[in-house]
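Descriptive analysis of the structure
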Amino acid sequence: MSEWMEGLNALADVQVLAMLVLGVLIGIVVGALPGISATVGVALLLPFTFALEPLAGMILLLGIYGGAVYAGSIPAILIRSPGTPASAATVADGHAMTLQGKGVQALKISVLASCVGGFVGVLLLAFFSPFIAEFALGFGSSANFMLALFALTVIASVSEGRMVKGLISGALGLAIAMIGLDTIQGFPRLTFGSADLLSGVSFIPLMIGLFAVSEAFIQVERAAKLNLRMKREKFRATPAWLRKVLPSGMLGSGIGFIIGVIPGVGGDISSFVAYNESKRLTRGSSQYGKGEPRGIAAAESAKNAGTAGALVPTLTLGIPGDVTSAVLIGALTVHGLQPGPSMFAGSPDLIYGVFAGFALVYIVLFLLGWFGTGLWVRTIEAVPPKILWPTVVVLAVVGSYAVRSNIFDVLIMFAAAVLGYIMSKGGYPLAPLIIGVVLGPIAESGFRRAMIIHNGSFVWMLEPIPLVLGVLTLASIGFAIWRARKKPVLLTSSEEDKVEDKVS
Amino acid sequence: MMSADESTGVNERCDEHAASGQPVQEHSQPEVPGSEESGDTRVASILGDRVVAIAIMVIGIALFIYALGFPQPGQPEDPGTAALPLLISGFLVVLGVMLLFNAELGLFLPEPGTRLRTALVVVAGVVYTFLLTAVGFVLATLSFMVAGLLIMGIRSPLRLVLVPIAVTLAVYYLFTAALGVYLPSGAIEGMLP
């Protein structure tokens, strides 16, 4: 209880609250714009948090995160094009409702479900994390290794498209992580004599380049203005309507949170699973796909609950729950904080401040989103893409430079951007790479330390926790192979199924 | 899919192309209609993955050889600094081989018509980086913004003057005054308030 008090106390700071609102505002605009996903937004604005207090910085990024994940549904609903990938499940029913003249209603469902999902997700996060963190205090190197290994194999299982490409991406990430001084022997690997590389490839420039600037390069080809075409519509939320929509929202929240907790898996998958479950539970009501409010409610609440769920392994174990959480880890390490059980013990004000702040984000988001829908649409439409993308590059350059006042980092950023561009174009998922970069060192040092501690024998693999994780790892490898055997069945809307048929 | 988070991969591209009426290139049909460079891009499509596969194998082999030269571990029980590199390089070679046989159609290059634009943006970005230390943040950013806007197709003199100044000054003050970050300084910075 006292930790909550500490957290709320830390939250009740003008700077923190200002960052919260600012973050949500930025997040909504960023999430709705095509090409800028939540991850890109958080990565790009991460350098801004260097000068802020850790909590203020985290709250700013969480505000952006929450706002962006929600706002991706705005263009999904209005123009059938998701602003962030997690909103893909909302496209079918959302746009169908727009075509039926119920676009505003769909937007309101999205806001309500998102905020319910997010809020419930944060509550669950706050409830379960302390137990997990305490449990994890007893984790040794062996458990850390197995955990990292498990997370890596999960990434492979859920890679979009060909598993080979996802694995290549992950392997590249692991390789990049090897650059620098080896933590146990102190031997410089892959540094090619460069002093700048001794501490490894700087994470933040790598991330900014890989996600934000590569996307800028891709978007240079489009440069089309966003026209959301929202029509006027009368809609009132009645208690009966709420009764219809909220159960799906709760279902989505639960499913979303649980899936989000799995390391490496986040909001995008949970929204599809929740959508399908919601459809299944209503005995495949024929309205699904043609404008079923419950479908939207399930998908939206799941994706936001998944966001909170992804923070569970991130904060308690230091293992990223999804891509954006990997970025958030970077935000903490910049301040010298290492997410994991020790942070729970050592900085309760930060942890509980984050919980309370993240919950507040969804309240603020609801107020802004529900009452300001029309305003948002107009604001988003007003952003000129031709000016936006060069500005993104400037921010990226400055942000990368700001890490350690080194031009080399900016070059790393551009190299990562070119790599990210080639990978995106070629259908290689970017997420496994960054996850590999984060997990590689954890896995390697865990393995080597475990071997050293146990004098070269592998017996530590049979200890309870590593053993359970090891079994889970094998299970997820098995799942990945099984899934690759079948024709890749993506949980997508029918249009993408048609395209997938033609390509494969 | 988790990877869908950041990979604007083939499928999403197809949808957006279909929506904007551009010809969709990534389908396995004998003729790719609607593009004057259809022959060029179709060859590039299959080749792309194959080139990547070869590159991956080369990287894997190079890394393997390089890691063989790593020193032995200080303690006998330590798998050593070379353990992971060897493992990953071996893995990369295997994956490269798998990819070679699993190559799929993909458009690696910018869409026809925008290749120049994309290349120019990349070049402009790199030049910008080197200009930063040469002439300082303000001049470098102004130059880049003007170049960037021109590349994106903006021709109005008003915009070409106002926007770069606005963005440059905004970012400058945001990072130096509000966030306390040191930015490379050149001729102009001394004159600013």
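Residues numbered from 1 in each chain as written. Chains lettered and ligands numbered in written order. Predicted model: local features only at pLDDT ≥ 70, side-chain atom pairs only at ≥ 80, totals over all residues. Heavy atoms only, no water.

**Things to note about the overall build of chain B**
Our working definition: In DSSP terms, a helix is any run of H or I states spanning at least four residues, a strand is any run of E spanning at least two, and both are numbered starting from the N terminus. Relative accessible area decides the class of each residue, using a 1.4 Å probe on protein chains only: under 20% of the type maximum gives buried, over 50% gives exposed, and in between gives partly exposed. Note on contacts: a residue pair is in contact if any heavy atoms of the two residues lie within 4.5 Å. Per-residue and other accessible areas were derived by the Shrake-Rupley procedure at a 1.4 Å probe size, with only the shown protein chains allowed to occlude residues.
Tallying secondary structure elements over chain B gives six helices and zero strands in all. If you list the helices and strands of chain B from N to C, you get α-α-α-α-α-α. Across the 193 residues of chain B, 44% fall into the buried class. Across chain B, contacts joining residues at least 24 apart in sequence account for 55% of those joining residues at least 6 apart. Total accessible area computed for chain B in this model is approximately 9100 Å², and 71% of it derives from carbon and sulfur atoms.

**A few points about the overall build of chain A**
Our working definition: Note on method: radius of gyration uses C-alpha positions; expected globular size equals 2.2 Å times residues raised to 0.38. Charge convention: Lys and Arg are scored as positive, Asp and Glu as negative, and His as well as the terminal groups of each chain are ignored. Charge placement uses NZ in Lys and CZ in Arg. For Asp and Glu, CG and CD serve respectively.
Broken down by element type, chain A carries 22 helices and two strands. Computed over C-alpha atoms, the radius of gyration of chain A comes to 22 Å, within 12% of the 23 Å expected from 2.2 N^0.38 for 504 residues, which places it in the range of a compact globule. By sequence separation, contacts in chain A at least 24 residues apart represent 78% of the contacts at least 6 residues apart. Counting every atom, chain A has about 17400 Å² of accessible surface; 67% of that belongs to carbon and sulfur. Positive and negative side-chain charges in chain A, numbering 33 and 27 respectively, have mean positions lying 13 Å apart.

**Focus on the packing of aromatic side chains**
Inclusion rule: The aromatic pairing rule takes the rings of Phe, Tyr and Trp, using the six-membered ring of Trp, and pairs them if the centres are within 6.5 Å, calling planes under 30 degrees apart stacked, those over 60 edge-to-face and the rest tilted.
Here the structure, examined in full by the defined rule, presents 17 aromatic pairs over all chains. Relative to Y352 of chain A, the ring of W4 of chain A lies with its centre 5.1 Å away and its plane at 70 degrees, an arrangement referred to as edge-to-face. Within this pair, whereas W4 of chain A is found in helix α1 (residues 2–11), its partner Y352 of chain A is found in helix α16 (residues 348–371), the two being separated by 348 residues in sequence. Their ring planes at 10 degrees and their centres at 4.8 Å tell us that Y128 of chain B and F144 of chain B sit as a pair that is stacked. With Y128 of chain B in helix α4 (residues 115–135) and F144 of chain B in helix α5 (residues 137–152), the pair connects residues that are 16 residues apart, well separated along the chain. Under the relative-accessibility criterion, Y128 of chain B is labelled buried at 1%. Exposure remark for F144 of chain B: the relative accessible area of 5% places this residue in the buried category. Site record: aromatic cluster; members linked through ring pairs are W4, F344, Y352 and F355 of chain A.

**A word on the pattern of salt bridges**
Residues and elements named next belong to chain A. For the record, the criterion: Any carboxyl oxygen of Asp or Glu that lies within 4 Å of a side-chain nitrogen of Lys or Arg is treated as forming a salt bridge with it.
Following the criterion strictly, the structure yields six salt bridges over all chains and no others. Residue R294 is joined to E292 by a salt bridge in which the shortest nitrogen-to-oxygen separation is 3.1 Å. The class for R294 is partly exposed, based on a relative accessible area of 23%. A relative accessible area of 3% means that E292 is categorised as buried. Across the pair R404 and D409 runs a salt bridge whose closest N-O atoms are separated by 2.9 Å. Since its relative accessible area comes to 31%, R404 is described here as partly exposed. Members of the salt-bridge network, linked through shared partners, are D182, R189, E444 and R448.

**Comments concerning a nonpolar patch on the surface**
All names here are of chain B. The line we're drawing: Excluding any residue in a salt bridge, patches collect residues exceeding 30% relative accessible area, merging like charges within 9 Å and nonpolar Val, Leu, Ile, Met, Phe, Trp and Tyr side chains within 5 Å.
A contiguous nonpolar surface patch, about 530 Å² in accessible area, is contributed by L158, V161, L162, I165, L169 and Y173. Residue placement: Y173 occurs in helix α6 (residues 157–178). Look at Y173 and you get partly exposed, because its relative accessible area is 31%.

**Side note on the nonpolar core**
Defined as follows: Note on terminology: a nonpolar core comprises buried Ala, Val, Leu, Ile, Met, Phe, Trp, Tyr and Cys residues joined through side-chain atoms within 4.5 Å.
Membership of the largest hydrophobic core comes to 192 residues, with the highest contact counts inside it found for I434 of chain A together with Y128 and F137 of chain B. Ranked by residue count, the leading element in this core is helix α7 (residues 103–136) of chain A, at 14 residues. Here Y128 of chain B is in contact with V394, V397 and V398 of chain A together with F137, A140, T141 and F144 of chain B, once residues within four sequence places are set aside. Counting nine residues, the second-largest nonpolar core is a separate cluster that includes F150, I255, I259 and A274 of chain A.

**Section: the packing of helix α10 (residues 203–219) of chain A against helix α19 (residues 407–426) of chain A**
Residues and elements named next belong to chain A. Formally: Helix axes are fitted only over the stretch in contact, all axes being lines through C-alpha atoms; the angle between N-to-C directions runs from 0 to 180 degrees. Oblique is the label for every angle not falling under 35 degrees (roughly parallel), over 145 degrees (roughly antiparallel), or within 65 to 115 degrees (roughly perpendicular). Each helix crossing is assigned a hand: it is left-handed if the near helix lies turned anticlockwise from the far helix by less than a right angle, otherwise right-handed if that turn is clockwise.
Axis separation between α10 and α19 bottoms out at 7 Å; the angle between their running directions is 55 degrees. Classified by the angle between their axes, α10 and α19 sit oblique to one another. As α10 packs across α19, the resulting crossing turns out to be right-handed. Only D409, I412, M413, F414, A416, A417, V418, L419, G420, Y421 and S424 of α19 make contact with α10, whose side of the interface consists of P205, L206, I208, G209, L210, V213, S214, F217 and I218.

**Here we look at helix α4 (residues 54–71) of chain A**
Since the α-helix packs 3.6 residues into each turn, any two residues three or four apart lie on the same face. Here is the rule: Under the convention used throughout, the expected extent of a helix is 1.5 Å for every residue step, that is, one less than its residue count.
Given a rise of 1.5 Å per residue, 18 residues ought to cover 26 Å, and the 25 Å separating the end C-alpha atoms of α4 of chain A matches this to within 8%. Across the 18 residues of α4 of chain A, 17 count as buried, placing the element largely inside the fold.

**Things to note about unusual backbone geometry**
Residue and element names in this part refer to chain A. Of note, L190 is a non-glycine position whose phi angle comes to about 60 degrees, a positive value. Within the fold, L190 resides in the loop between β2 (188–189) and α10. Its relative accessible area of 12% is what places L190 among the buried residues. Positive phi values are uncommon outside glycine, yet S405 reaches one of about 50 degrees. Within the secondary structure, S405 is located in the loop between α18 (385–402) and α19. Look at S405 and you get partly exposed, because its relative accessible area is 38%.

**Digging into the packing of helix α6 (residues 88–99) of chain A against helix α13 (residues 293–317) of chain A**
Residue and element names in this part refer to chain A. The cut-off we apply is this: Polar here means any residue outside two lists: the nonpolar Ala, Val, Leu, Ile, Met, Phe, Trp, Tyr, Cys and Pro, and the charged Asp, Glu, Lys and Arg; Gly therefore counts as polar.
Here α6 crosses α13 at 145 degrees, and the two axes come no closer than 9 Å. Here α6 runs over α13; the crossing is left-handed. Here α6 contributes A89, T90, D93, G94 and M97 to the contact with α13, which in turn contributes P293, I296, A299 and E300. Classifying every residue of the contact of α6 with α13 gives five nonpolar, two polar and two charged.

**Here's the deal with the confidence of the model for chain B**
Residues and elements named next belong to chain B. In plain terms, the rule: Think of pLDDT as the predictor's per-residue confidence, scored from 0 to 100.
With 66% of its residues at a pLDDT of at least 70, chain B reaches an overall mean of 71. By mean pLDDT, helix α1 (residues 10–20) is the weakest element of chain B at 39, and α5 is the strongest at 88. Of the regions scoring below 50 in pLDDT, residues 1–44 engages in 104 contacts with residues more than four places distant in sequence or in other chains.

**Focus: the confidence of the model for chain A**
Residues and elements named next belong to chain A. Of the residues in chain A, 91% reach a pLDDT of 70 or more, and the chain-wide mean stands at 82. Helix α22 (residues 494–503) is the least confidently modelled element of chain A, averaging 43 in pLDDT, while α4 averages 91, the highest of any element. Low pLDDT (under 50) marks residues 489–504, which in the prediction has 31 contacts with non-local residues, meaning those over four places away or in another chain.

**What to know about α7 of chain A**
Residues and elements named next belong to chain A. Worth spelling out the cut-off: Throughout, bend refers to the angle between the axes fitted to the seven residues that end at a position and the seven residues that start at it.
Across its 34 residues, α7 extends 46 Å between first and last C-alpha, which sits within 8% of the 50 Å expected from 1.5 Å per residue. The largest bend in α7 amounts to roughly 35 degrees and is located at F128, with the proline P130 lying one to four residues further along. Along α7, 24 of the 34 residues are buried, which leaves the element largely enclosed by surrounding structure.

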